[in-house]
Structures are given as structure tokens and as C-alpha cells.
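Here's the letter readout for the chains.
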Amino acid sequence: MQIIKTRKIWFTIAGILALASILALITWGLKPSIDFTGGTLWELSFIERPDNVAIENALQEFNLGTLTIQPVGDQGVIIKSKELNENLHSQIFDKLIKNFEGVSEVRFESVGSLIGKELRNKAVYSILLVLLAIIAYIAYAFRQVSKPVQSWKYGVISVVMLLHDILIVAGIFAFLGHYYNVEIDLTFVAALLTILGFSVNNTIIVFDRTRENLYKLEGSFEEIVNKSVLQSIARSVNTSLTVLLTLGAIYLFGGESIKHFSLALIIGVAIGMFSSIFITSPLLVEWYRLGKSS
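Here is a short report on the structure shown in this document. These figures come from a predicted structure and were not determined experimentally.

Each value, and the rule that gives it
Throughout this document, residue positions are counted from 1 along each chain, in the order its sequence is written. Where totals are concerned, whole chains, interfaces and linings use all residues; where local detail is concerned, this predicted model gives features only for residues with pLDDT of at least 70, and gives and counts side-chain atom pairs only at 80 or more. Only hydrogens and water are removed before side-chain values are computed, so all heavy atoms of the structure are retained for them. Each patch groups residues whose relative accessible area exceeds 30% and which form no salt bridge, using 9 Å between like charges and 5 Å between nonpolar side chains of Val, Leu, Ile, Met, Phe, Trp and Tyr. In this description, accessible areas are obtained by the Shrake-Rupley approach with a 1.4 Å probe, and a residue is regarded as covered only by the protein chains that are shown. Whenever Lys or Arg places a side-chain nitrogen within 4 Å of a carboxyl oxygen from Asp or Glu, that contact is recorded as a salt bridge. Put simply, DSSP H or I for four residues or longer makes a helix, DSSP E for two residues or longer makes a strand, and each gets a number counted from the N terminus. Simply put, an axis is a line fit to the C-alpha atoms, just over the touching stretch for a helix, and the angle between two N-to-C directions goes from 0 to 180 degrees. Helix crossings fall into two classes, left-handed where the near helix is turned counterclockwise from the far one by less than a right angle and right-handed where it is turned clockwise. For this analysis, residues touch if any pair of their heavy atoms sits within 4.5 Å. Burial here depends on accessible area, computed with a 1.4 Å probe over protein chains only, as a share of the maximum for the residue type. Under 20% is buried, over 50% is exposed, and the range in between is partly exposed. A pair of aromatic rings is counted whenever rings of Phe, Tyr or Trp (Trp by its six-membered ring) have centres within 6.5 Å, and the orientation is called stacked for planes under 30 degrees apart, edge-to-face for over 60 and tilted otherwise. This arc is taken over the directions from the axis of the helix to the C-beta atoms. We treat two strands as partners when DSSP finds at least two bridges between them. Orientation is classified from the angle alone, with under 35 degrees giving roughly parallel, over 145 giving roughly antiparallel, 65 to 115 giving roughly perpendicular, and any other angle giving oblique. Polarity classes work like this: nonpolar for Ala, Val, Leu, Ile, Met, Phe, Trp, Tyr, Cys and Pro, charged for Asp, Glu, Lys and Arg, and polar for all others, with Gly in that last group.

## Focus: a nonpolar patch on the surface
A surface patch of nonpolar side chains, about 460 Å² in accessible area, is lined by Trp28, Phe175, Tyr179 and Tyr180. Position of Phe175 among the secondary structure elements: in helix H6 (residues 151–180).

Here it is, written out as C-alpha cells:
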């Protein structure tokens, strides 16, 4: 199997996915939750769930502004509104108890706008910090590999692919946010950080085999890299499929609160498996060829 020689095909697929994700992010953007915007998330359970209009009418006297009411399961709803203090929270809950039979509170989360902005900034900083740490780690791990490609290039290529992976995840969630009202929260950021760690692990497996084979095998750089990918492909695929099976079970049976977290991981692990096998090593060879021709 000639993965390296057919790299233009893989580059085209990766480019289309990246371009579609960029367009989705520019056109729709990500839909932030109250973790980043501030506000209140209130999950309630009813013996017999009323319709959204009945709930809105019951809360009309409290001037809560624009409400988002989302059914959950067979008996629950999630209400999102502006930030509520504890006094107003108690008043509203008393009114709901009077109007609807068997209502109970599952969870109540309130985040101030300043805290939401701080969390958003910290989320961005954490992702950037992880990317810088990955570059430094890979450059150090491959410090003894100076020919025919310098060690720092392994780190740069790895980060390019990590950005590609999380870009596609973000693009898909932009699509889901626009058409299915899926919001991103702190668990989405946790999923992105997990994807970064998993994807770089797969990449290092392939690069490490390349490093070993550069000392053991004879042939052109392209041939050695292709052999290294083929030797590593079974391990990468088996590891990824095992993780995907587990995440699939979590997505199906783990409950509403972690559904989008597990979905982000499923997409990220699948994309990471593809990029670590079909993109990172071909990109390394392409950079090497461009260096020789210049």
C-alpha cells in the first residue's frame, strides 16, 4: 500500500474538510452556552411535562426576557434565561410548583457574564498552551533526529495536524449549533484538549517508528516513511477503534449531560486516526521534498 505516493488524495480530502469547517465557522460560528456568555441553566422534571407555551406563560410575570426551553427525555425540560439570584430563583420555583403537578429541580446553574468571559479566555489560553507544549515535547523527543528532516519540523507538522483535527470538530459543532441548537460549554473545551492528547499520541507512534527505521532500513526517505506508516497502522487503528467503541457506548447510554462531550470525542478520535496515518507522514515527506528542490 503506497500511502505516501497517493498523498495528494489525502491532502485533498483534508483540505476539503478544513475548508468546509472554516466556512461553517465563518458563516454560523459556534453557539456558546452560559459557561461563556453568563446566564442561568435550570433543568426541571415533571410528572407530566407541560408544553413550552404553558411554561412561558407561568414565568411571564417575572420579566425574564428571552427564554430558551428545551425538552429533555420524556419528563424534563432545560430552561435558559438571564442570570437569576437566589431570591428570584425561589420565587419562580414556587410559582412552578403551584402551576404544575410533580415538578422537581434536577439542577440549577448560574454564571455571571464576567465569569463567563474569563472562562472563555482561559479556554483559549489552555488550548494554545497545550499546542506550544506539544511542539516543545516533540522537538525534544526527536532531538537526535537531524537528518534528513530537522527535529523541530516533526513538532510543527504535529501541531498543524492537531489544529486540523480540532478545526474539523469545531466546524461540525458550528453546523450542529446552527441547525440543531447544540451549544459548546466547558466540556467541549475538555473534549478538545483530550483530542489533542490522543491525536498527538497516534502521531508520535508513527513518527517514532520512522525515527527507528531511519537507522535500520535502507532506501529513500519516502520509502522508509511509507514502511513506517504501514508498520504502525494496525496499532493506531486498533487503539482508535477501541476508544471509539467505548465513546459510542457513552454517547448512547451516558445521559444528556455528557452527550455532546462524547460526540466531540468521537469526531476528534476518528479524524485524528485519519490524519495521523494519512496526513502527518505524507506532509513530512512533502516538506522534505520541497526543501531539497529549493
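## Examining the packing of helix H1 (residues 7–27) against helix H9 (residues 259–278)
Remark: H1 packs on H9, axes separated minimally by 11 Å, with the N-to-C direction vectors making an angle of 145°. As H1 runs across H9, the sense of the crossing is left-handed. Between H1, through Trp10, Ile13, Ala14 and Leu17, and H9, the contact on the second element is made entirely by Ile271, Phe274 and Phe278.

## Remarks on the pattern of salt bridges
Applying the stated criterion across every chain yields a total of eight salt bridges. Residues Glu286 and Arg7 are paired through a salt bridge, measuring 2.7 Å at the closest nitrogen-oxygen approach. Residue Glu286 is located in helix H10 (residues 280–293), and its partner Arg7 is located in helix H1; the two are separated by 279 residues in the primary sequence. The exposure class assigned to Arg7 is buried, which follows from its relative accessible area of 8%. With a closest N to O distance of 2.1 Å, Asp208 and Arg211 form a salt bridge. Of the two residues, Asp208 and Arg211 are both situated in helix H7 (residues 186–216); the distance of three residues between them amounts to about one turn of the helix. On the basis of relative accessible area, Asp208 is assigned to the partly exposed category, the value being 23%. Accessibility expressed as a relative area gives 24% for Arg211, which makes it partly exposed. Each of the salt bridges in this network shares a partner with another, and the network as a whole consists of Glu43, Arg107 and Glu109.

## Describing the environment of Leu284
Within the element layout of this structure, Leu284 appears in helix H10. Since its relative accessible area comes to 0%, Leu284 is described here as buried. Counting along the chain gives 59 residues from Leu284 to Val225, while the straight-line C-alpha distance between them is 8.8 Å.

## Some remarks on the packing of aromatic side chains
All chains considered together, the criterion is met by twelve aromatic pairs. When the centroid spacing of 6.2 Å and the interplanar angle of 50° are considered together, the rings of Trp42 and Phe93 count as tilted. Of this pair, Trp42 sits in strand E1 (residues 39–45) while Phe93 sits in helix H4 (residues 86–99), and the two are 51 residues apart along the sequence. The exposure class assigned to Trp42 is buried, which follows from its relative accessible area of 3%. Seen in terms of ring centroids, Phe175 and Tyr179 are 4.9 Å apart; in terms of plane orientation they differ by 45°. Their pairing is tilted. Here the residue Phe175 and the residue Tyr179 both occupy positions in helix H6, the gap between them amounting to four residues, near one helical turn.

## Brief notes about the environment of Pro71
Following the sequence through the fold, Pro71 ends up in strand E2 (residues 68–72). Spatially, the C-alpha atoms of Pro71 and Ser275 are 37 Å apart, while their sequence positions differ by 204 residues. Not counting chain neighbours up to four residues away, the residues in contact with Pro71 comprise Arg49, Gly76 and Val77.

## Describing helix H3 (residues 52–59)
Where H3 is concerned, the buried positions are Ile55, Ala58 and Leu59. Axial view of H3: buried residues confined to an arc of 90°, hence all on one face. Along its buried surface, H3 packs onto E2, strand E3 (76–81) and H4.

## A few points about the sheet that holds E2
Strand order in the open sheet formed by four strands is E2-E3-E1-E4, and the pairing between neighbours is antiparallel. The open sheet terminates on both sides in strands that have one partner only, identified here as E2 and strand E4 (104–111). If you compare each strand with its neighbour and ignore which way they point, the axes differ by 15° on average. Together, E1 and E4 form the strand contacts of H4, whose direction differs from that of E1 by roughly 25°.

## Describing the packing of H7 against H9
The N-to-C vectors of H7 and H9 enclose an angle of 20°; their axes lie 9 Å apart at closest approach. Judged on the interaxial angle alone, H9 and H7 are roughly parallel. For the pair H7 and H9, the sense of crossing is right-handed. The segment H7 lies against H9, with Thr187, Phe188, Ala190, Ala191, Thr194, Ile195, Phe198, Ser199, Asn202, Thr203 and Val206 engaging Phe261, Ala264, Leu265, Gly268, Val269, Gly272, Met273 and Ser276. Its residues placed into classes, the contact of H7 with H9 shows eleven nonpolar, eight polar and no charged.

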